[in-house]
Amino acid sequence: MNKEFKDLQAMVEESLYAAFKEIQTTDYKNLWDAMAYATLNGGKRLRGVLCLALGERCGIPYDKMIPFAGALEMIHASTLIHDDMPCMDDDDFRRGKPSCHKQFGEDTALLAGDALYSFALESVCRRADRSFFSERKILDCLSVFLHNSGADGVLGGQVLDKKYEKELKKALPGRALVYRVSIAERALATAKNKRDYREAVKLLKKSSSYPDGKEMVAAAAKFWRENNPKKTSLLEALDRARL
């Protein structure tokens, strides 16, 4: 990762912290805490960095693009809150920490995802430099955000994800299991200590709804741990263990 990328990451991160620091109200503190928890819970900030880089290529200084970059990251975080919930992917952990609904409860998480989306758009309206951008340009940007995060964008993609996941399980149960395991493999790959590893294994066990899937994944995880995880992928472990 080069220095320029890290510098842009830091700019996006600082912008997100500043956005939440500006909030002075103590009303609905639990809701704001959940929103901040989901947004400031790590991540590469790739979307924000790409936004800054694109602006720079168009002749727009980084500091002018920061409100838009931060808003993209907030929108992304809002989708992750909903994506982790039991009615969707049912993930208990996000980046090695309890997901928002496990930390704050399903009701607060649901509202935090909605509120964070609104806060992202509000932050653009409030923080965009109107001495640099015209009102028309700001509205055009908001229109792009709204369209691509709605039914023809992110939410539509979620619908397709759920639809084909169900069809895959119904038509090809064996392949569906491998598909789910390959996704869950990333949890093990990012485990940094024994606690993280235990939580990753719990996540793996939940990755399949098949009766024999949990045993299969648990055995594979055990084999994977015992055979140098840095060099053996979980799918290779499945094959070698003949599970």
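The rules we used
Residues numbered from 1 in each chain as written. Predicted model: local features only at pLDDT ≥ 70, side-chain atom pairs only at ≥ 80, totals over all residues. Heavy atoms only, no water. Helix = DSSP H or I, 4+ residues; strand = E, 2+ residues; numbered from the N terminus. Buried < 20%, exposed > 50% of the residue type's maximum accessible area, 1.4 Å probe, protein only. Contact = heavy atoms within 4.5 Å. Areas by Shrake-Rupley, 256 points an atom, 1.4 Å probe, with all protein chains shown as cover. Axes fitted to C-alpha atoms, helices over the stretch in contact; angles between N-to-C directions. Parallel < 35°, antiparallel > 145°, perpendicular 65-115°, else oblique. Left-handed = near helix turned anticlockwise from the far one by under 90°. Nonpolar A, V, L, I, M, F, W, Y, C, P; charged D, E, K, R; others polar. Core = buried A, V, L, I, M, F, W, Y, C linked by side-chain atoms within 4.5 Å. Expected span 1.5 Å × (residues − 1). Phe/Tyr/Trp six-rings, centres within 6.5 Å; stacked < 30°, edge-to-face > 60°.

**Q** Explain the overall build of the protein residue by residue, including any values.
**A** In terms of helices and strands, the protein carries 12 helices and 2 strands. Listed by position from the N terminus, the elements making up the protein come as α-α-α-α-β-β-α-α-α-α-α-α-α-α. Going through the 243 residues of the protein one by one, you find that 41% of them count as buried. A sequence separation of at least 24 residues applies to 63% of the contacts in the protein between residues at least 6 apart. As displayed, the protein offers around 14300 Å² of accessible surface, 56% of which is attributable to carbon and sulfur atoms.

**Q** Quick one: what's the story with the environment of Cys125, residue by residue and with numbers?
**A** Relative to the assigned elements, Cys125 resides in helix α6 (residues 106-127). Taking the C-alpha atoms as reference, Cys125 lies 8.7 Å from Leu142; in sequence the two are 17 residues apart. Setting aside its immediate chain neighbours within four residues, Cys125 contacts Arg130 and Leu142.

**Q** Break down the packing of α6 against helix α7 (residues 135-148) for me, citing the residues and quoting the values.
**A** Relative to each other, α6 and α7 sit at 165 degrees, their axes nearing to 10 Å. For the element pair α6 / α7, the angle class is roughly antiparallel. Along this stretch, α6 crosses α7, giving a crossing that reads as right-handed. Counted together, Tyr117, Leu121, Val124 and Cys125 of α6 and Ile138, Leu142, Phe145 and Leu146 of α7 form the full contact between these two elements. When its residues are assigned to classes, the contact of α6 with α7 shows 8 nonpolar, no polar and no charged.

**Q** A description of the nonpolar core should follow, citing residues and the corresponding values.
**A** Counting 39 residues, the largest nonpolar core has Phe20, Phe68, Leu116, Phe119 and Phe145 as the members making the most contacts within it. Mapped by element, the contributors of at least two residues to this core are α1 (3-21), α2 (29-39), α3 (46-57), α4 (62-84), α5 (100-104), α6 and α7. Tallying contributions element by element places α4 first for this core, with 9 residues. Setting aside anything within four residues of it in sequence, one finds Phe20 in contact with Trp32, Met35, Ala36, Thr39, Leu40, Leu116 and Phe119.

**Q** For α4, give the residues involved together with the corresponding values.
**A** The α-helix advances 3.6 residues per turn, and as a result positions three or four apart in sequence lie on the same side. With 23 residues, α4 extends 32 Å from end C-alpha to end C-alpha; this agrees with the ideal 33 Å at 1.5 Å per step. Burial within α4 is extensive, with 19 of its 23 residues counted as buried.

**Q** Can you explain the packing of aromatic side chains? Please cite residues and give values.
**A** Overall, the coordinates contain 5 aromatic pairs when judged by the stated rule. The interplanar angle of 55 degrees and the centroid separation of 5.3 Å between the aromatic rings of Phe20 and Phe119 together place this pair among those described as tilted. On the criterion of sequence distance, the pair formed by Phe20 in helix α1 and Phe119 in helix α6 is long-range, its members being 99 residues apart. Comparing Phe20 with Phe119 shows no difference in burial state: the two are buried. Their ring planes at 70 degrees and their centres at 5.4 Å tell us that Tyr37 and Phe104 sit as a pair that is edge-to-face. Of this pair, Tyr37 sits in helix α2 while Phe104 sits in helix α5; the two residues are 67 residues apart in sequence, bridging distant segments of the chain. Grouped by ring-pair contacts, the aromatic residues Phe20, Trp32 and Phe119 constitute a single cluster.

**Q** How would you sum up α6? Please name residues and give values.
**A** Here α6 spans 31 Å end to end across 22 residues, near enough to the 32 Å set by a 1.5 Å rise per residue. Of all the residues in α6, the buried ones are Thr108, Ala109, Ala112, Gly113, Leu116, Phe119, Ala120, Leu121, Ser123 and Val124. In this structure, the buried side of α6 is in contact with α1, α2, α4, α5 and α7.

**Q** For the side chain of Ser15, give the residues involved together with the corresponding values.
**A** Checked against the element boundaries, Ser15 lands in helix α1. Apart from the residues within four sequence positions on either side, Ser15 is in contact with Ile66 and Arg127.

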